[in-house]
Amino acid sequence: MKLKSNFLTHIVDGEQVLVDVENKDFSGIVRNNQTAAFVVDCLSKETDINEIVDAMYNTFDAPKDVIKRDVEGVIDQLNSIGALE
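About the criteria used
- Starting afresh in each chain, residues are numbered from 1 along the sequence in its written order.
- Only residues with pLDDT of 70 or above have their local features reported here, since the model is predicted, and side-chain atom pairs are shown and tallied only from 80 upward, although totals for entire chains, interfaces and linings are computed over all residues.
- The basis for every side-chain value is the complete set of non-hydrogen atoms in the structure, without hydrogens or water.
- Residue-level confidence of the predictor, termed pLDDT, takes values from 0 up to 100.
- Starting at the N terminus, helices and strands are each numbered in turn, a helix being any DSSP run of H or I of at least four residues and a strand any DSSP run of E of at least two.
- Throughout, an axis means a line fitted to C-alpha atoms (over the contacting stretch in the case of helices), and angles, computed between N-to-C directions, take values from 0 to 180 degrees.
- Angular relationships are summarised with four words: roughly parallel below 35 degrees, roughly antiparallel beyond 145, roughly perpendicular across 65 to 115, and oblique for the angles in between.
- Contacts are assigned to residue pairs that have any heavy atoms within 4.5 Å of one another.
- Under the grouping applied here, Gly and all other residues not named as nonpolar or charged are polar, the nonpolar ones being Ala, Val, Leu, Ile, Met, Phe, Trp, Tyr, Cys and Pro and the charged ones Asp, Glu, Lys and Arg.
- Here, strands pair whenever DSSP counts at least two bridges between them.

J.: I tried to follow the confidence of the model for the protein chain on my own but got confused; where do I start?
T.: Any segment with low pLDDT has predicted coordinates that should not be analysed in fine detail. Here the protein chain averages 93 in pLDDT, while 96% of its residues score no lower than 70. Per-residue pLDDT, averaged within each element of the protein chain, yields its smallest value for strand S3 (residues 29-32) (91) and its largest for helix H2 (residues 49-59) (97).

What follows is the structure in structure tokens.
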């Protein structure tokens, strides 16, 4: 899976925002917390949930099952706005 090319990220006041620049399926701005921003950054290239979970586990001090649940939640939200290929 990968972030669709029409979704761009930008840092505003230290916070990542995600915007659909084509405004076809989703018109709005997504303000990402640290977890969501990490997931979105991982999705700049083709990846899968397990690779994202492993990358987060190697970066943050949290149990792997908690990380996986959080990553799945972010992926579900991105799917709901049509942001993933």
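J.: Can you help me understand the packing of helix H1 (residues 34-42) against helix H3 (residues 64-80) in this one?
T.: Two packed helices can be described by the angle between their axes and the distance between those axes. For the pair H1 and H3, the least separation of the axes is 10 Å and the interaxial angle reads 70°. Accordingly, the angle class assigned to the pair H1 and H3 is roughly perpendicular. Note on element contacts: H3 touches H1 through Asp-70, Val-71, Val-74, Ile-75 and Leu-78, opposite Thr-35, Ala-36, Val-39 and Val-40. Its residues assigned to classes, the contact of H1 with H3 shows seven nonpolar, one polar and one charged.

J.: How should the sheet that holds S3 be read in this particular structure?
T.: One key point about sheets: their strands pair by backbone hydrogen bonds, in either a parallel or an antiparallel sense. Reading across the sheet, the three strands line up as S1-S2-S3 and stay open at both edges, with antiparallel pairing between neighbours. Because the sheet does not close on itself, it has two edges, and the strands there are strand S1 (7-12) and S3. Across the sheet, the mean angle separating the axes of adjacent strands is 25° when strand polarity is ignored. Across four bridges, strand S2 (residues 15-20) lies against S3 in antiparallel orientation. In the sheet register, Val-19 faces S3, and the bridge partner there is Ile-29.

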